Amino acid sequence: GLLLVALLVSHMLLIKEGVTSMPICPNVSGNCQLPLEELFDRAVKLSRYIHFLASEMFNEFDERYAQGRGFIEKAVNSCHTASLATPEDKEQAQQIHHEDLLNLILGVLRSWNDPLIHLASEVQRIKEAPETILWKAVEIEEQNKRLLEGMEKIVGRVHSGEVDNDIYTPWDGLPSLQLADEDSRLFAFYNLLHCLRRDSHKIDNYLKVLKCRLIHDNNC
Amino acid sequence: DLLQWPQISKCRSPEMETFSCFWTAGNLYNLTVPRILQLLYKKSNEEDWKECPDYITSGQNSCYFNASYTSVWTPYCVQLASKTEVYDKKCFSVDEIVLPDPPVHLNWTLLNTSQTGIHGDIQVRWDPPPTADVRKGWITLEYELQYKEVNETKWKELKPRLSTMVPLYSLKTARDYEIRIRSRQRTSEKFGEFSEILYVSFSQIGIGCNHCTEEVEFPWFLVVVFGVCGLAVTVISIMLSKQPRLKMLIFPPVPVPKIKGIDPDLLKKGKLDEVNSILACHDSYKTQLYSDDLWVEFIELDIEDPDEKNRASDTDRLLSEDHLKSHNCLGAKDDDSGRASCCEPDIPETDFSASDTCDTTSDSDQLKKATEKEEDLLCLDRQDNDESLPRLASRDPQHQHRSTQSENSHLWAPSGDSAEPPLPSVHTRISNQNSLTNTDFYAQVSDITPAGRVVLSPGQKSKLGRAQHEGCTEQNFTMDNTYFCEADVKKCIAVISHEENEPHVQEQGYNEDGYFTTESLTTTVTNLGASTAAPPSSELPVADYTSIHIVQSPQGLVLNATALPVPDKEFNVSCGYVSTDQLNKILP
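Just so it is clear, the structure is predicted and the values come from calculations on it, not from any experiment.

1. Regarding the overall build of chain A
The secondary structure content of chain A amounts to eight helices and zero strands. Listing the helices and strands of chain A from first to last along the sequence gives α-α-α-α-α-α-α-α. Evaluated residue by residue, chain A yields a buried proportion of 47% over its 220 residues. Partitioning the contacts of chain A with sequence separation of at least 6, the portion at a separation of at least 24 is 84%.

So, in structure tokens, the structure goes:
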């Protein structure tokens, strides 16, 4: 009780002298918002982390389950996001409008929401799945959600018009992850992880391009 | 010469905008003629194989795909083939094969030097490879710097970093250094080629201190030598010192395997009293270890046997096999409050160790040996603690029962004596019933085989036969012994049962040859009818208990079967038990 009183008194004294804590948000206009640069920095960090996880997960899976099964030859690798018209080289990435690119990024992230949830749950059913793969699957799913939130914030800031929510590809690969035949099931996982690695690399690249274009004026 | 097929050695993209594939022609006939080997490629969404668009730009045996042919995240397959056959095939996507060019424009500047001028810090700077479009963020590069002194062989590495400048601290101004850098795409693992080597020479900018006195290097060798000597001297002095405490502190004595409280030498040639005291110590330990509650827990009823169900008495339960199993060998005694506790409290470990060793050998054997030894010893010599004896005795039928189960007639074989007739009957009776109710509680140990097995003689049977015909007139049991021998009790029981005429009321198990606790005696209505075995007709005056002649080893006792004449008249032998004093009178 005595301590509380002492704290209260000291607080009042301090306030009287005009000593207050600094506001967290740097924006003086009262709209407590992070600057766009900060948002992009965080988005790039997240996307890099997600790609790192996806890469490692694919490598581990490849090492553990895909050796000698000839998956890489079979892998035609049509990912479910192939229908989205994402830029395929630097030229296209430079020419596309940043709003469209942002929408595409959002579309890809949304399309991966569902598969990542199922990946996290189905990968546990793989026989003797290593712990590292398991936790990476869960982590990627979590981080993907966070990146999606961040991107929606960025889009809200950058977009002048309305946000296009239509860009999205549904995923119907769940049955293939649950096949009874182990070989086919592992091949489905291999494909999914390969697609995840590729798409996360795409997102990472697009975000860096956008960041350099919008924030640093093409002079990173 | 080994035959080498044409092979695609690698495919590489330096900046994620173009890529090239390289191959080796091998030494397969005359393939050096150009255009025999072709590189065909196919994107994943196409059907046909197309030929390489550019065989020249990347050099010989290469194929270059410029930006218009390159789609970054699309899977490609390339194929090395002649007109007739395919030699090699590779599938990949461009983002997986990115290996950047080396950085360019390496240079260094001096940051500062130490006061003595012997060491200096420099800052190394470079530019990213010109092909990689870092400015627009299309590719992000990481750099790894390596440096070494000119005359060294091993390169020192710094951690990969994103920035294009790095300080190097504490370089020796008197020496020259070499620096090289390589780069990789940030999200991949493989590095590109090394850059050209940058030479760092302090003397060139005039601050080299060639004639500076070199710092004396720390004399590691001397330190180690002196340290070892000092340690050795300390150790020797401690070992030789007379101070036991110091010695104990630094060199604690290693415990030699032994059983605490038991001196093996003593067992070999000790006197009976001492041996008993030792074993009693174990007993008293057991009292600490097992409380009554635990005791009861170990008791299990054998429900499958209907007879035994009826005889769910304490005695029966005590006699059950589980009870015995729950004890280890030497500690196969009940808790016995009567024994003097003379042991240190740290006997537990020895008991457990004893049990461990016992468990490894045949359980039944060990148990038999142990229980027999102990109960014989104790019955003979410690009749002061009579409370224990009933329970000890209870183990006998258990033991004998087990012996019959496992060893069949072996243990029952008398040592050449007669008394054969009762054997089969006993045997069959035992085999009929699971319970131990019809086995001898006490039997004389006639001999111990070299293997350690104890040979018993069924002396009690003859006694029983005699006893049954007597009436239970004698109420004055010898009160020094708080347990009663079967003969006496049977007299009483026989009387009681005849009076009450109840064949099978079993509150506590009455065994034909059983013995009774004091309690059981007062409450039991026993069934004498069950004991209608053919009483042995022979009346051999077999001594039930003999003295221990020699204790030969911890596992053997040689009993002197005939050493003890039993003068009936000298002391009250309603039982076959002999008290210590009585025994002492007898012994020479």
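Okay, back to it.
2. Points about the pairing of strand E6 (residues 75-81) of chain B
Successive side chains on a regular strand alternate, one facing one side of the sheet and the next facing the other. Residues and elements named next belong to chain B. E6 sits mainly inside the fold: seven of its seven residues count as buried. Going residue by residue along E6, you find Pro 75, Cys 77, Gln 79 and Ala 81 tucked away on one face and Tyr 76, Val 78 and Leu 80 tucked away on the opposite face as well. Here strand E3 (residues 38-43) runs beside E6; their pairing, made up of six bridges, is antiparallel. Paired with Lys 42 across the strands is Cys 77, a residue of E6. Bridging between E6 and strand E7 (residues 86-93) involves seven bridges; their strand directions are antiparallel. What sits directly across from Leu 80, in E7, is Asp 88. The hairpin formed by E6 and E7 contains four residues between the paired strands.

3. Observations concerning the packing of helix H2 (residues 36-65) of chain A against helix H8 (residues 182-214) of chain A
Residues and elements named next belong to chain A. Following both chains from N to C, one finds H2 and H8 inclined at 155 degrees, their axes separated by 8 Å at the closest point. Taken together, the axes of H2 and H8 lie roughly antiparallel to each other. The chirality of how H2 crosses H8 is left-handed.

4. Section: the interface of chain B and chain A
Buried accessible area, meaning the area lost when the parts come together, often serves as the stated size of an interface. At the junction of the two partners, chain B supplies 25 residues and chain A supplies 28 residues. In total, about 2200 Å² of surface goes out of reach between chain B and chain A, with carbon and sulfur atoms giving 50% of it. Scanning the region where chain B abuts chain A turns up 14 residue pairs in polar contact (both at pLDDT 80 or more). Across the side of chain B that touches chain A, the residue classes tally to eight nonpolar, nine polar and eight charged.

5. Considerations on the UniProt feature "transmembrane region" (unreviewed entry) in chain B
Here the UniProt feature "transmembrane region" (unreviewed entry) sits at residues 218-240 of chain B. Between the C-alpha atoms that bound residues 218-240 of chain B there is a distance of 34 Å. The span itself is 91% helix and 0% strand.

6. Some remarks on the sheet that holds strand E9 (residues 119-127) of chain B
Strand pairing in a sheet relies on backbone hydrogen bonds, with the paired strands running either antiparallel or parallel. Residues and elements named next belong to chain B. Read from one edge to the other, the open sheet built from three strands follows the order E8-E9-E12, with strand pairing classed as antiparallel. Both edges of this open sheet fall to strand E8 (104-113) and strand E12 (165-172), since each of them pairs with a single strand only. With strand direction ignored, the average angle separating the axes of adjacent strands in the sheet is 25 degrees. Two strands pair when backbone bridges link them, and E8 and E9 are joined in this way by seven bridges, in the antiparallel orientation. Looking at E9, one finds that Trp 108 is bridged to Val 124.

7. Observations concerning the packing of aromatic side chains
Residue and element names in this part refer to chain B. Counted according to the given criterion, the structure contains 15 aromatic pairs over all chains. Ring centres of Phe 19 and Phe 65 lie 4.3 Å apart, and the angle between their planes is 5 degrees; on these two criteria the pair is classed as stacked. Of this pair, Phe 19 sits in strand E2 (residues 19-24) while Phe 65 sits in strand E5 (residues 62-65), placing them 46 residues apart in sequence. Phe 65 carries the same exposure label as Phe 19, and that label is buried. Each residue in the set Phe 19, Tyr 41, Phe 65, Tyr 69, Tyr 76 and Phe 92 is aromatic and connected to the rest through ring pairs, giving one cluster. The ring centre of Trp 49 lies 5.6 Å from the NZ or CZ of Lys 42, which sits over that ring.

8. Thoughts on the sheet that holds strand E4 (residues 50-51) of chain B
If you trace the four strands from one edge of the open sheet to the other, you get E4-E3-E6-E7 (chain B), paired in antiparallel fashion. Strand pairing shows two members of the sheet lacking a second neighbour, E4 and E7 of chain B, which therefore form its edges.

9. A few points about the pattern of salt bridges
By the definition in use, this model includes 19 salt bridges over all chains. One salt bridge in this structure joins Asp 204 of chain A and Lys 208 of chain A, with 3.5 Å as the shortest N-O distance. On the criterion of helical spacing, the pair formed by Asp 204 of chain A and Lys 208 of chain A is a turn pair, its members being four residues apart in helix H8. Each of the two residues, Asp 204 of chain A as well as Lys 208 of chain A, counts as buried. When the shortest N-O distance is used, the salt bridge between Lys 136 of chain B and Asp 133 of chain B registers 3.7 Å. Note on Lys 136 of chain B: relative accessible area 26%, which makes it partly exposed. Judged by relative accessible area, Asp 133 of chain B falls into the buried class, the value being 11%. Shared partners join several salt bridges into a network, and the residues in it are Lys 90 of chain A together with Glu 17, Asp 133 and Lys 136 of chain B.

10. Observations concerning the packing of helix H5 (residues 98-122) of chain A against H8 of chain A
Residues and elements named next belong to chain A. Two elements in contact, H5 and H8, have axes whose closest approach is 10 Å; the angle formed by their N-to-C orientations is 150 degrees. Compared by their axis directions, H5 and H8 come out roughly antiparallel. The hand of the H5/H8 crossing is left-handed. The residues of H8 that touch H5, namely those facing His 98, Leu 101, Leu 102, Ile 105, Val 108, Leu 109, Trp 112, Pro 115, Leu 116, Leu 119 and Glu 122, are Phe 189, Leu 192, Leu 193, Cys 195, Leu 196, Asp 199, Ile 203, Tyr 206, Leu 207, Leu 210, Arg 213 and Leu 214.

11. As for the confidence of the model for chain B
All names here are of chain B. Summarising the model, chain B shows a mean pLDDT of 66, and 45% of its residues fall at 70 or more. Low pLDDT, under 50, characterises residues 568-574; the predicted model gives this stretch nine contacts beyond four residues in sequence or across chains. For this predicted complex, the interface confidence comes out at an ipTM of 0.82, alongside a pTM of 0.53.

12. Here we look at the nonpolar core
Ranked by internal contacts, the top residues of the largest apolar core, which has 85 residues, are Met 151 of chain A together with Val 124 and Leu 145 of chain B. For this core, the element with the most residues is H8 of chain A, which contributes 14 residues. Shared between two domains, this core takes at least three residues from each, and those domains are domain 1 (7-97) and domain 2 (104-205) of chain B. One finds Trp 23, Cys 63, Phe 92 and Ile 97 of chain B within the second-largest nonpolar core, a separate group that totals 20 residues.

What counts as what
All residue numbers refer to positions counted from 1 along the written sequence of the respective chain. Labels follow written order: the first chain is A, the first ligand is 1, and so on. Thresholds applied to this predicted model are a pLDDT of at least 70 for local features of residues and 80 or more for the giving and counting of side-chain atom pairs; totals over whole chains, interfaces and linings are not thresholded and use all residues. Neither water nor hydrogens contribute to the side-chain values; these are computed over all heavy atoms in the structure. Helical segments are the DSSP runs of H or I of at least four residues, strand segments are the runs of E of at least two, and each set is numbered from the N terminus. Burial classification: accessible surface area is computed with a 1.4 Å probe over protein chains only, and a residue below 20% of its type maximum counts as buried, one above 50% as exposed, and the rest as partly exposed. Whether two residues touch is decided by their heavy atoms; if any such pair falls within 4.5 Å, the residues are in contact. Pairing between two strands requires that DSSP report at least two bridges joining them. Angular values range over 0 to 180 degrees, each being the angle between N-to-C directions of two axes fitted as lines to C-alpha atoms, with helices fitted over their stretch in contact. Angle categories are assigned with fixed cut-offs, so that under 35 degrees is roughly parallel, over 145 is roughly antiparallel, 65 to 115 is roughly perpendicular, and the rest are oblique. The handedness criterion is simple: a crossing whose near helix is rotated anticlockwise from the far helix by less than a right angle is left-handed, and one whose near helix is rotated clockwise is right-handed. When two parts are brought into contact, each loses some accessible area as probed by a 1.4 Å sphere; the total of that loss over both is the buried area. The definition of a polar contact used here is a pair of N or O atoms within 3.5 Å, where within protein one atom must be able to donate a hydrogen and the other to accept one, and adjacent residues in sequence count solely through side-chain atom pairs. Here the term charged refers only to Asp, Glu, Lys and Arg, the term nonpolar to Ala, Val, Leu, Ile, Met, Phe, Trp, Tyr, Cys and Pro, and the term polar to all other amino acids, Gly among them. UniProt positions are given in the numbering used here, feature names are shortened, and annotations may be inferred rather than shown by experiment. Planes of paired rings set the category: under 30 degrees apart is stacked, over 60 is edge-to-face and the rest tilted, where pairs are Phe, Tyr or Trp rings (Trp by its six-membered ring) whose centres lie within 6.5 Å. By definition, being over a ring means that NZ of Lys or CZ of Arg is both within 6 Å of the ring centre and within 35 degrees of the ring normal. The term salt bridge refers to a side-chain nitrogen of Lys or Arg lying within 4 Å of a carboxyl oxygen of Asp or Glu. For every residue, the predictor states its confidence as a pLDDT score lying anywhere from 0 to 100. Nine residue types can take part in a nonpolar core, namely buried Ala, Val, Leu, Ile, Met, Phe, Trp, Tyr and Cys, and a core is a set of them joined through side-chain atoms within 4.5 Å. Start and end points for every domain follow an automatic or database-based domain assignment.

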